[in-house]
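# Structural overview for review
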Amino acid sequence: MAFERIDSETIYDGKIATVKKDTFRYEDGEEAEREIVEHPGAVAVVAHDGESIYLVAQPREPVDEQSLLELPAGKLDEDGEGAEATAKRELAEEIGKGARDWKFLTRFYTSPGFAQEECHLYLATDLYDEQAESDENERIEIVTRPLSELDDLIAGCRDAKSLVGLLWFRSYLR
């Protein structure tokens with residue numbers, strides 16, 4: 001089922017995302033309009049020290065969550081900075097940690113029905129204290145949970161990138 005983009009119009013250009021109205025033509029000649037959210041992509045980090053996993057709790061206003069528990073994560077928004085470098089920066093900014101060992105786990109689309117955002121997932125181990133400037137608008141609480149609570153964390157997870165990361169981590173441990 002091949003298609004080609006035959007028109008594209010930016011209808012909103014914001015700080016976090018751009019919304020476009022694109023027209024596609026399919027091989028059968030039919031055309032369809034789609035609203036597409038363009039996003040630079042993101043990273044998420046499963047960080048653990050062998051005993052505990054590091055998470056963050058923060059308000060997520062779009063879904064009316066006062067304190068959503070998530071993996072440390074962030075947007076690919078620095079020019080010329082690759083995904084792993086972004087993951088390292090975000091880990092330091094969000095939980096004040098660096099890691100000596102980094103392993104790429106996977107990448108996935110967060111919601112391909114309307115958005116092109118792709119998330120790169122990393123495992124960070126052999127942690128150490130690291131200082132970095134955090135975004136002044138972020139309201140983050142660092143949360144640690146014992147690895148023995150991993151199944152409970154997965155069961156209660158409401159954030160897609162964190163759920164993907166925690167499930168990959170559980171599979172990695174087994």
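Position labels on residues start from 1 in each chain and follow its written sequence. Totals for whole chains, interfaces and linings use every residue, but because this is a predicted model, local features are given only for residues with pLDDT of at least 70 and side-chain atom pairs only at 80 or more, for both listing and counting. With hydrogens and water excluded, all non-hydrogen atoms of the structure serve as input to the side-chain values.

### Quick look at the overall build of the protein chain
Counting from the N terminus, the helices are DSSP H or I runs at least four residues long and the strands are E runs at least two residues long. Scanning the protein chain from N- to C-terminus turns up three helices and 10 strands. Ordered by position from N to C terminus, the α and β elements of the protein chain give β-β-β-β-β-β-β-α-β-β-β-α-α. Overall, the C-alpha framework of the protein chain stretches about 55 × 35 × 35 Å when taken along its three principal axes. When accessible area is computed with a 1.4 Å probe and restricted to protein chains, residues below 20% of their type maximum are described as buried, those above 50% as exposed, and intermediate ones as partly exposed. Burial status across the protein chain gives 41% buried among its 174 residues. The contact criterion used is simple: two residues touch if any of their non-hydrogen atoms lie within 4.5 Å. Residue pairs in contact within the protein chain that sit at least 24 positions apart in sequence constitute 54% of those at least 6 positions apart. Of the roughly 10600 Å² of accessible surface on the protein chain, a fraction of 43% belongs to carbon and sulfur atoms. Residue-level accessible areas treat just the shown protein chains as cover; the underlying method is Shrake-Rupley with a 1.4 Å probe.

### Remarks on the nonpolar core
To form a nonpolar core, buried Ala, Val, Leu, Ile, Met, Phe, Trp, Tyr and Cys residues must be joined to one another through side-chain atoms within 4.5 Å. In terms of nonpolar packing, the biggest core is built from 21 residues, with Val 46, Ile 53, Leu 71, Leu 121, Leu 166 and Phe 169 touching the most fellow members. Contributions of two or more residues to this core are made by strand E4 (42–48), strand E5 (52–60), strand E8 (97–109), strand E9 (118–129), helix H2 (150–156) and helix H3 (160–173). In this structure Ile 53 touches Val 46, Ala 47, His 48, Val 143, Thr 144, Arg 145, Leu 147, Leu 153, Leu 166 and Phe 169, once residues within four positions along its chain are discounted.

### Observations concerning the pattern of salt bridges
In the sections that follow, a salt bridge refers to a side-chain nitrogen of Lys or Arg positioned within 4 Å of a carboxyl oxygen of Asp or Glu. Tallying each qualifying case throughout the model produces 16 salt bridges. The shortest N-O distance in the salt bridge between Arg 89 and Asp 77 comes to 3.4 Å. Residue Arg 89 is located in helix H1 (residues 83–95), and its partner Asp 77 is located in the loop between strand E7 (73–75) and H1; the two are separated by 12 residues in the primary sequence. Given the relative accessible area of 17%, Arg 89 is considered buried. In this structure Asp 77 comes out as partly exposed when scored by relative accessible area, which is 41%. Sharing partners across several salt bridges, the network here consists of Asp 77, Glu 81, Arg 89, Glu 90 and Glu 93.

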